[in-house]
Structure formats: C-alpha cells, structure tokens
Amino acid sequence: MDLATLTLFLPACFALNMAPGPNNLLSVSNATRYGYRRTCVAGVGRLLAFAGMIALAAAGLSVVLQTSKWLFYAIKIIGAAYLLYLAWQLWRANPEAEQHITGKSMGILALARQEFLVAAGNPKAILLFTAFLPQFVDPTQPVAAQFVVLGTLFLLLEWIAISAYAYMGLHMRRWFAEPRGKRIFNRCCAGLLSAAASVLLMAKRT
C-alpha cells in the first residue's frame, strides 16, 4: 500500500481504536477488578470478533469495489458521514454517565468471551468495517491483500488501545472518572474523527 494512504489511515484508525466505546470501558473495569495482564489477554476475544468482521467485509466488499466505482464513492461518503456522526456523539456525550459492570471474579476465558460478545454485538463495530476500511482501499490493486494489511494494522492498534485502557483502569481511574477529564478525552477523539472525515471527503482517488 502507498505511504500516503497509510499516513492518513493510521491516525484516523487509532482515533477510532481509542474512542471510549463499550469494549474500551470494559477494559477499564476489568483491569480495576482482575488486573492488567488478565485484561490484556482477555482482549484476544475482542480481536477475534473484529478479525471475523474484517474477513466478512473483505469478502463482500471486494466485488463491490471492483465492479462499481459509483457505489465505491457512495460507500466513501457513508463512511465519512459515520465518522462525523461518531464524532458528534462523542462531543455531546455526558461525561457523568458511567457504565457499571458487575459480577463475580471470572477467569481469562470468561473475560475473553465477554469481550467477544460485547464486540460482536456492537453495531458501530460492524458499520466500522463495512464503511471505514474500504475508504483506504485502491480498487485498481489487489483488494484482498489491502484488506489484510489494513485489518492487521487495525488489530495491532486495537491491541494498543486494550493495553492503554487497561493501564488507565489501574493507574488513572480517578482522573478518567472525573467529568472534566472524560469530557476532554471525548472531545479530543471527536476532533480527530472529524478531521479524518473531512480529509476523506476532500480526497480524490486516482
């Protein structure tokens, strides 16, 4: 893949990985209750769910990308609109709203299953892989190989996000739970997503 595409993809993707969604908040809670290492290992459940979604998106959208240029641009617009919607939701998020997850002590397999189910049941995650990743695919080049590269990078960045949120759960819970701190974090992510959406809308495919 070309360097310019990756330069655009990496920060936009990382902003999505770091956005405080259900799985990331789950990592904060689990790290606080079960420890950093167990939480990071349990994150494999989330990665498996996302890997499956990426494979389905690649299989279904490769035909679209290669047969309909207009449909490709329609997906591009939908993807940018989704990023703007997510940015708006983060900007307006109530910083005092907290997600509480209760239950008895669980092993790594149980935690991984929990991560998998939360990721698989998140409609935003499903929309992400069908509307976001294709924005960075060049239909004139082998599509499957590009999805492999983008998907692998996404999963690596997601692993970093898992580790970062688990770390916050151990060492920064007090700051993260503060309404002011959470508001700043949400709005930084919203700004990054809005910028990525704007660049995608203005970019022209050669």
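So, how was this worked out
- Every chain's residues receive numbers from 1 upward, in the order its sequence appears when written.
- Local features in a predicted model are, by the rule used here, given only for residues with pLDDT of at least 70; side-chain atom pairs are given and counted only at 80 or more, and totals for whole chains, interfaces and linings are based on all residues.
- The basis for every side-chain value is the complete set of heavy atoms in the structure, and neither hydrogens nor water enter the calculation.
- Here is the rule: rings of Phe, Tyr and Trp (six-membered ring for Trp) pair when centre to centre is within 6.5 Å. Planes less than 30 degrees apart are stacked, more than 60 are edge-to-face, and the remainder are tilted.
- Think of it this way: any DSSP run of H or I at least four residues long counts as a helix, any run of E at least two long counts as a strand, and we number them from the N terminus.
- With a 1.4 Å probe rolled over the protein chains alone, any residue whose accessible area is under 20% of its type maximum counts as buried; one over 50% counts as exposed, and the rest are partly exposed.
- Residues enter a nonpolar core if they are buried and are Ala, Val, Leu, Ile, Met, Phe, Trp, Tyr or Cys, with the set joined through side-chain atoms within 4.5 Å.
- Two residues form a contact once any of their heavy atoms are found within 4.5 Å.
- Any residue with relative accessible area above 30% and no salt bridge may belong to a patch, with like charges joined within 9 Å and the nonpolar Val, Leu, Ile, Met, Phe, Trp and Tyr side chains within 5 Å.
- Method for areas: the Shrake-Rupley scheme with a 1.4 Å probe, in which residue coverage is limited to the protein chains shown.
- Between Lys or Arg on one side and Asp or Glu on the other, a salt bridge is scored when a side-chain nitrogen of the former is within 4 Å of a carboxyl oxygen of the latter.
- Working convention: axes come from line fits to C-alpha atoms, limited for helices to the stretch in contact. Angles between N-to-C directions cover 0 to 180 degrees.
- Any angle from 65 to 115 degrees is called roughly perpendicular, while one under 35 is roughly parallel, one over 145 is roughly antiparallel, and all others are oblique.
- Here a crossing is called left-handed whenever its near helix is offset anticlockwise from the far helix by less than a right angle, and right-handed whenever the offset is clockwise.
- The classification used treats Ala, Val, Leu, Ile, Met, Phe, Trp, Tyr, Cys and Pro as nonpolar, Asp, Glu, Lys and Arg as charged, and all other residues, Gly among them, as polar.
- UniProt positions are given in the numbering used here, feature names are shortened, and annotations may be inferred rather than shown by experiment.
- Expected helix span is taken as 1.5 Å per residue step, with the number of steps being one fewer than the number of residues.

A. Region of interest: the packing of aromatic side chains. One pass over the structure, following the stated rule, counts 6 aromatic pairs. Note on Phe9 and Phe132: the rings are 6.0 Å apart at their centroids and 25° apart in plane angle, and the pair reads as stacked. Taken together, the residues Phe9 in helix 1 (residues 3–18) and Phe132 in the loop between helix 7 (123–131) and helix 8 (143–171) connect sequence positions 123 residues apart. Its relative accessible area of 1% is what places Phe132 among the buried residues. Here the aromatic residues Phe9, Phe132 and Phe136 are joined through ring pairs into a cluster of three or more.

B. Expanded view of the nonpolar core. Residues Phe129, Phe132, Leu133 and Leu193 are the most contacted members of the largest nonpolar core, which totals 34 residues. The set of elements that each furnish at least two residues to this core consists of helix 1, helix 4 (44–67), helix 5 (69–92), helix 7, helix 8 and helix 10 (179–202). Those residues in contact with Leu193 that lie beyond four places of it in its chain are Ala12, Ala15, Leu16, Leu83, Leu86, Ala87 and Leu90. Met18, Val28, Ala161 and Met168 belong to the second-largest nonpolar core, a separate cluster that totals 5 residues.

C. Representation of a nonpolar patch on the surface in the model. Nonpolar side chains collect at one region of the surface, where Val44, Leu48, Phe116, Leu117 and Trp159 lie side by side and expose about 460 Å² of accessible area between them. Within the secondary structure layout, Leu117 lies in helix 6 (residues 108–120). Look at Leu117 and you get exposed, because its relative accessible area is 54%.

D. Quick look at the packing of helix 1 against helix 8. Two elements in contact, helix 1 and helix 8, have axes whose closest approach is 9 Å; the angle formed by their N-to-C orientations is 40°. As the angle between them shows, helix 1 and helix 8 are arranged oblique. Taken as a pair, helix 1 and helix 8 cross one another with a handedness that is right-handed. On helix 8, the residues that touch Leu6, Phe9, Leu10, Cys13, Phe14, Asn17 and Met18 of helix 1 are Leu150, Leu153, Phe154, Leu157, Glu158, Ile160, Ala161, Ala164 and Tyr165. Classifying every residue of the contact of helix 1 with helix 8 by side-chain character gives 14 nonpolar, 1 polar and 1 charged.

E. Just the packing of helix 2 (residues 22–34) against helix 8, in detail. Contact pair helix 2 / helix 8: the axes reach a minimum separation of 7 Å and the direction vectors enclose 45°. On the basis of their axis angle, the class for helix 2 and helix 8 is oblique. Between helix 2 and helix 8 lies a crossing whose hand is right-handed. Taking contact as the criterion, the partners of Asn24, Ser27, Val28, Ala31 and Thr32 in helix 2 are, on helix 8, Glu158, Ala161, Ile162, Tyr165, Ala166, Gly169 and Leu170. Along the lines of polarity and charge, the residues of the contact of helix 2 with helix 8 split into 7 nonpolar, 4 polar and 1 charged.

F. Expanded view of the UniProt feature "transmembrane region" (unreviewed entry) in the protein. UniProt marks residues 47–65, 70–88, 143–168 and 184–203 with the feature "transmembrane region" (unreviewed entry), using the numbering shown here. Across residues 143–168 one finds 100% helix and 0% strand; the C-alpha atoms that close the span lie 37 Å apart.

G. Main features of helix 6. An ideal rise of 1.5 Å per residue puts 18 Å on 13 residues; helix 6 measures up with 18 Å between its terminal C-alpha atoms. Within the sequence span of helix 6, burial applies to Ala110, Leu111, Ala112, Gln114, Glu115 and Ala119.

H. Broad picture of the pattern of salt bridges. One pass over the full model with this rule turns up 2 salt bridges. The partner of Glu115 in a salt bridge is Arg46, and the shortest N-O contact between them spans 3.0 Å. A residue pair is termed long-range when its members are at least 10 positions apart, and Glu115 in helix 6 and Arg46 in helix 4 qualify at 69 residues. Considered together, Glu115 and Arg46 belong to a single accessibility category, that of buried residues. In this structure, Arg46 engages Glu158 in a salt bridge whose closest nitrogen and oxygen atoms are separated by 2.6 Å. You can see Arg46 sitting in helix 4 and its partner Glu158 sitting in helix 8, a full 112 residues away along the chain. Glu158 sits in the buried class, given a relative accessible area of 5%.

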